[in-house]
Structure formats: C-alpha cells, structure tokens
Amino acid sequence: MTAACGAIGTAVDCNAAAQEASKITTDWSSAVTKSATDPAAIEKASQDAATKSKDLASKHDGEIAAALNDLAAGFESMKGDMSNVSTFTTKLQGFQSKITSACS
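No experiment lies behind these values; they were computed from the predicted model shown.

Rules used throughout
- Residues numbered from 1 in each chain as written.
- Predicted model: local features only at pLDDT ≥ 70, side-chain atom pairs only at ≥ 80, totals over all residues.
- Heavy atoms only, no water.
- Phe/Tyr/Trp six-rings, centres within 6.5 Å; stacked < 30°, edge-to-face > 60°.
- Helix = DSSP H or I, 4+ residues; strand = E, 2+ residues; numbered from the N terminus.
- Buried < 20%, exposed > 50% of the residue type's maximum accessible area, 1.4 Å probe, protein only.
- Contact = heavy atoms within 4.5 Å.
- Salt bridge = Lys/Arg side-chain N within 4 Å of Asp/Glu carboxyl O.
- Expected span 1.5 Å × (residues − 1).
- Arc of directions from axis to C-beta.
- Core = buried A, V, L, I, M, F, W, Y, C linked by side-chain atoms within 4.5 Å.

1. Some remarks on the packing of aromatic side chains
Reasoning step 1: All told, the structure shown has 4 aromatic pairs when counted by the stated rule.
Reasoning step 2: The interplanar angle of 85 degrees and the centroid separation of 5.2 Å between the aromatic rings of W28 and F88 together place this pair among those described as edge-to-face. A residue pair is termed long-range when its members are at least 10 positions apart, and W28 in helix α1 (residues 2-34) and F88 in helix α4 (residues 82-102) qualify at 60 residues. As far as burial versus exposure is concerned, W28 and F88 are alike and both buried.

This is how it looks when you write it as structure tokens:
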C-alpha cells in the first residue's frame, strides 16, 4: 500500500512540475513578445526563466530533473537575438514533451 501511495505522490509532484514548467515557458514567451525589439530584455527574461527552471529541477530527481535542466540550458542559450528566440521557440514543445514523458 505504501508503494502505491508513493507512486501517486510522485505522479502528483511530477504533474505539478510539468505545470510549473509550462508556466515558466508561458511567462518567458509573454516577456519576449513584449520586448521583441529589446535584446537586453530578451536576455534577462531568458536568464530569469533559466533560473526558475533550475530551481524547479533542484526539487526533483531522475528524468524530470534532467528534462527541467535541459529546459534551463535552452533558456541559458538565449542571447537577445530574435532569431535565437524563434529557433528556441520551436524547441519548446520538445522540452515540454520530455517533461511530460518523464512523468509517465
């Protein structure tokens, strides 16, 4: 019985992590859209999202932590150039899928 409860708790934690990661990416996307012509603001929004993703990853382990750290690395790679943002935006779905997959 304890194992089953542990699995349920892990699933809840994982789903909460996935929801938080989704919020981080949505907030980042909104900030970048608002600052499309301001490279410094894009870079700041990206670094903030990377920090939030790393903080979230530190609360988890295994595949979910790895997926969140990959997401953080993606945000860290953003330099205030809209072409980088466009490329990264196309990769966001892959990061989200990796996080969701880690939860199943």
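2. Remarks on the side chain of S35
Reasoning step 1: Looking at where S35 falls in the secondary structure, it is placed in the loop between α1 and α2 (39-57).
Reasoning step 2: S35 gets classed as buried once you look at its relative accessible area, which sits at 17%.
Reasoning step 3: Excluding residues within four positions of it along the chain, S35 makes contact with A41 and I42.

3. Regarding the pattern of salt bridges
Reasoning step 1: Taken as a whole and assessed by the stated rule, the structure comprises 4 salt bridges.
Reasoning step 2: In this structure, K23 engages D27 in a salt bridge whose closest nitrogen and oxygen atoms are separated by 2.7 Å. Of this pair, K23 and D27 both sit in helix α1, 4 residues apart, which is roughly one turn of the helix.
Reasoning step 3: A salt bridge links D70 to K98; its shortest N-O distance comes to 2.1 Å. Here D70 is found in helix α3 (residues 62-76), whereas its partner K98 is found in helix α4, with 28 residues between them in sequence.
Reasoning step 4: The partly exposed category is assigned to K98, whose relative accessible area is 40%.

4. Re α2
Reasoning step 1: The terminal C-alpha atoms of α2, which comprises 19 residues, lie 27 Å apart, in line with the 27 Å expected from a rise of 1.5 Å per residue.
Reasoning step 2: Listed as buried for α2 are I42, A45, S46, A49, A50, S53, L56 and A57. All buried residues of α2 project into a common sector of 140 degrees when viewed along the axis, lining one side. Of the exposed residues in α2, the ones pointing more than 90 degrees away from its buried face are A40 and K44.

5. What to know about the environment of W28
Reasoning step 1: By relative accessible area, W28 is classed as buried at 2%.
Reasoning step 2: Between the C-alpha atoms of W28 and S46, which are 18 residues apart in sequence, the distance is 6.6 Å.
Reasoning step 3: Discounting residues that sit within four places of it in the chain, W28 has contacts with A45, S46, A49, F75, M78, V85, F88, T89 and L92.

6. So, α3
Reasoning step 1: Across its 15 residues, α3 extends 21 Å between first and last C-alpha, which sits within 8% of the 21 Å expected from 1.5 Å per residue.
Reasoning step 2: Among the residues of α3, I64, A65, A67, L68, L71, A72, G74 and F75 are the ones counted as buried.

7. Regarding the nonpolar core
Reasoning step 1: If you look at the biggest cluster of nonpolar residues, it comprises 26 residues, and the most contacted ones within it are W28, I64, L68, L71, F75, F88 and I99.
Reasoning step 2: Listing elements by their share of this core, those giving two or more residues are α1, α2, α3 and α4.
Reasoning step 3: Here the element with the most residues in this core is α1; it accounts for 7 residues.
Reasoning step 4: Setting aside anything within four residues of it in sequence, one finds I99 in contact with A18, A21, I64, A67, L68 and L71.

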